[in-house]
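In case you want the letters, here they are:
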Amino acid sequence: MIIDDSYNASPNSVKEALAVIERTPQQKKVVILGDMLELGALSEEAHKEIGRLVAKISPWQLVAVGNLAQGIIAGAVEAGYSQEKISWYENSDLAKEAVRNNIEPESVILIKGSQGARMEKITKELLQDPMSASNVLPRQYGKWLE
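Per chain, residue numbering runs from 1 following the sequence as it is written. Reporting of local features is limited, given that this is a predicted model, to residues whose pLDDT is at least 70; pairs of side-chain atoms are given and counted only at 80 or more, and all residues count toward the totals for whole chains, interfaces and linings. Based on all heavy atoms of the structure, the side-chain values leave hydrogens and waters out of the count.

Another aspect to go through is the overall build of the protein chain. A count of helical and extended segments in the protein chain gives 6 helices and 5 strands. What you see in the protein chain, going N to C, is helices and strands ordered as β-α-β-α-β-α-β-α-β-α-α. Across the protein chain, every contact between residues at least 6 apart in sequence was considered, and the portion connecting residues at least 24 apart equals 70%. By definition, any uninterrupted DSSP run of H or I lasting at least four residues is a helix, any uninterrupted run of E lasting at least two residues is a strand, and each is numbered from the N terminus. The contact criterion used throughout is that any non-hydrogen atoms of two residues lie within 4.5 Å.

Below you can see the structure in the form of structure tokens.
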């Protein structure tokens, strides 16, 4: 199951998305989070706070995408989440193939990040039929595809 909430991200919307995945019955929860942009002076602490929430959920895997998302990793590790369950990628283009190759059957996958993180590229890679992306994902036209 893919929970594609890739359109945008703020601390509150990420918290709500994490609450949704926490309630799912699947054992293998994968949390893929990109940078939360335009937070100004609150950015570092906001990313760490999200990491601490991820640690409480303790998903099977955490994937962080973008330089700011390293704060998510820091917060998760500080809260006791295993570094071995974490992977980091500089951008969604680098993350998308690696993520596809590391997903287990019966997983539930949350994908969330600010528009600038372009997390929908990861979602598209995970679709059973990537050709259907223009019907089910945002930003699948014009300059967005470049």
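There's more to say after this.
One recurring pattern in soluble globular proteins: nonpolar side chains tend to sit buried together. Counting residues in each nonpolar core, the largest one holds 24 residues, and the members touching the most others are L18, V31, L33, I50 and L62. Every element with two or more residues in this core is listed here: α1 (11-23), β2 (29-34), α2 (43-57), β3 (61-65), α3 (70-78) and β5 (108-112). The leading source of residues in this core is α2, at 5 residues. Not counting the four nearest positions on each side in its chain, L18 is found in contact with V31, I50, L53, V54, I57 and L110. In this text, buried Ala, Val, Leu, Ile, Met, Phe, Trp, Tyr and Cys residues form a nonpolar core when linked through side-chain atoms within 4.5 Å. Partly exposed describes any residue whose relative accessible area lies between the buried limit of under 20% and the exposed limit of over 50%, with all areas from a 1.4 Å probe on protein chains only and scaled to the type maximum.

Extensive coverage of β5 is indicated by the burial of 5 of its 5 residues. Burial along β5 is two-sided: V108, L110 and K112 facing one way and I109 and I111 facing the other are all buried. Where strand β1 (residues 2-5) and β5 come together, 4 bridges link them in parallel fashion. The residue of β5 that forms the bridge with I2 is I109. A pair of strands counts as paired when DSSP detects no fewer than two bridges linking them. Sheet analysis places β2 next to β5, joined by 5 bridges and oriented parallel. Directly across from V31, in β5, lies its bridge partner L110.

With that out of the way, let us pick up α3. Here α3 has its buried residues at G71, I72, I73, G75 and A76. Tucked into the core, α3 has its buried residues touching β2, α2, β3 and β4 (86-89). Looking one or two places after α3, you find G80, whose phi comes out positive at around 100 degrees.

This paragraph deals with the pattern of salt bridges. Salt bridge, as used here: a side-chain nitrogen of Lys or Arg that lies within 4 Å of a carboxyl oxygen of Asp or Glu. Scanning all chains against the criterion turns up 9 salt bridges. Across the salt bridge formed by E49 and K15, the nearest N and O atoms sit 3.0 Å from each other. Placement of E49 in helix α2 and of K15 in helix α1 is noted, with a sequence separation of 34 residues between them. Accessibility expressed as a relative area gives 30% for E49, which makes it partly exposed.

As a further point, take the sheet that holds β2. Each strand in a sheet pairs with another by means of backbone hydrogen bonds, the pair being arranged parallel or else antiparallel. Within the open sheet, the 5 strands sit side by side as β1-β5-β2-β3-β4. Their pairing is parallel. Strands at the two margins of the open sheet, each flanked by one partner only, are β1 and β4. Put simply, the sheet's adjacent strands are angled 10 degrees from each other on average, direction ignored. Across 4 bridges, β3 lies against β4 in parallel orientation. Bridging from a neighbouring strand, V63 pairs with S87 of β4. Every axis in this analysis is a line fitted to C-alpha atoms, fitted for helices over the stretch in contact. Angles between the N-to-C directions lie between 0 and 180 degrees.

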